[in-house]
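# Residue-level structure breakdown
If you want the building blocks of each chain, they are given just below.
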Amino acid sequence: IKTIMVTSFAENEGKTTATVNLAIALAEAGKKTLIMDCDFKLSSVYKFFKDSPVSKDGELAAYLLGGGDHDQLVRYNKNCDLYLAGGKKQYRNSSEILNSDRFSNLLKEFREDYDFVIIDTPPAGIAVDSEIISEKTDASLLVVRQDYVTVEQINDYITDINNEKLLGCIFNNVSYLRKNPDYDKNNSYYAQGEL
């Protein structure tokens, strides 16, 4: 597994924060890691790395549309030892961009150049982009904010993507977990911390 897509069903579930944190953890472990911001509808990875600004010719989506400069696509952030590819601008035709051969070829190139490529996508409930990307990546992570979307929405999305590639879910913004009295009663040794 080298290319990992991180998505959520809805906005504000914490997928971009999870993407950045996962990439930083991998970089700290000595892995050459690239974050690819493929949320062309509302890019926000750049906000985490203000000391590594996107150049005019370094917009990822513009390059995928046939413009830009390949040599300026990837920026290096020395503070986190991370590589970044993305942009700031919004693009309405994001699904067309991601369905292109140019995107597939660039992803293959990045797969060879980096130990890990972590990809931030738009929320699945807003665009089909994550479904497109899931077909081109090795694995997926789904960020789920507590009490934010329904179980049915989550299950429907998992059915829509290639769920054999689903690494799991990141349960986010948890304020509390309800205790199941039957579980606690039947597993009292675990509840007490005894073996």
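### Some thoughts on the confidence of the model for the protein
- Looking at the protein, pLDDT values average 87 and 89% of them are 70 or higher.
- Confidence, read as mean pLDDT per element, is least for helix 8 (residues 188-192) in the protein (43) and greatest for strand 2 (residues 33-37) (98).
- Across residues 186-195, where pLDDT falls below 50, the model places 1 contact with residues more than four positions away in sequence or in other chains.

### Re the pattern of salt bridges
- For the coordinates displayed, the defined rule picks out 3 salt bridges.
- Between Asp-138 and Arg-111 there is a salt bridge, with its nearest N and O atoms 2.8 Å apart. Linking Asp-138 in the loop between helix 5 (129-134) and strand 6 (139-145) with Arg-111 in helix 4 (residues 101-113), this pair joins segments that are 27 residues apart in sequence.
- The class of Asp-138 is partly exposed, set by a relative accessible area of 25%.
- Each of Lys-15, Asp-39 and Asp-120 takes part in one network of salt bridges that share partners.

### Describing empty space enclosed by the protein
- Enumeration according to the criterion identifies 1 cavity of 30 Å³ or more in this entry.
- Roughly 30 Å³ of internal volume is contained in the largest cavity.
- For the largest cavity, the full set of lining residues is Ile-35, Asp-37, Val-45, Tyr-46, Arg-75, Leu-84, Ala-85, Gly-86 and Gly-87.
- Of all the elements in the fold, those that place two or more residues in the lining of the largest cavity are strand 2 and strand 4 (82-85).
- Across the lining of the largest cavity, the residue classes tally to 5 nonpolar, 2 polar and 2 charged.

### As for helix 1 (residues 15-28)
- With 14 residues, helix 1 ought to run about 20 Å at 1.5 Å a step, and its terminal C-alpha atoms sit 20 Å apart, in line with that.
- Elements in contact with the buried residues of helix 1: strand 1 (3-8), strand 2, strand 4, strand 5 (116-120), strand 6 and strand 7 (166-172).
- Directly after helix 1, the chain includes Gly-30, whose backbone phi takes a positive value near 90°.

### Details of the pairing of strand 2
- Summarising burial for strand 2: 5 of the 5 residues are buried, a large majority.
- Examined bridge by bridge, strand 2 and strand 5 share 5 bridges and lie parallel to one another. Paired with Leu-34 across the two strands is Val-117, which belongs to strand 5.
- Here strand 2 runs beside strand 4; their pairing, made up of 3 bridges, is parallel. Of the residues in strand 4, the one forming a bridge with Leu-34 is Tyr-83.

### Let's talk about the pairing of strand 5
- In terms of burial, strand 5 is largely enclosed, as 5 of its 5 residues are buried.
- Residues Phe-116, Ile-118 and Asp-120 point to one face of strand 5 and Val-117 and Ile-119 to the other, with burial holding for every one of them.
- Relative to strand 5, strand 1 runs parallel, the two sharing 4 bridges. Across the sheet, residue Thr-3 finds its bridge partner in strand 5, namely Val-117.

Procedures and definitions
Residues numbered from 1 in each chain as written. Predicted model: local features only at pLDDT ≥ 70, side-chain atom pairs only at ≥ 80, totals over all residues. Heavy atoms only, no water. pLDDT = per-residue confidence, 0-100. Helix = DSSP H or I, 4+ residues; strand = E, 2+ residues; numbered from the N terminus. Contact = heavy atoms within 4.5 Å. Salt bridge = Lys/Arg side-chain N within 4 Å of Asp/Glu carboxyl O. Buried < 20%, exposed > 50% of the residue type's maximum accessible area, 1.4 Å probe, protein only. 1 Å grid on protein atoms, 1.4 Å probe; cavity = no way out; pocket = protein on both sides within 12 Å on 5 of 7 lines; lining within 4 Å. Points joined across faces, edges and corners; volume = space filled by probe spheres on them. Nonpolar A, V, L, I, M, F, W, Y, C, P; charged D, E, K, R; others polar. Expected span 1.5 Å × (residues − 1). Pairing = 2+ DSSP bridges.

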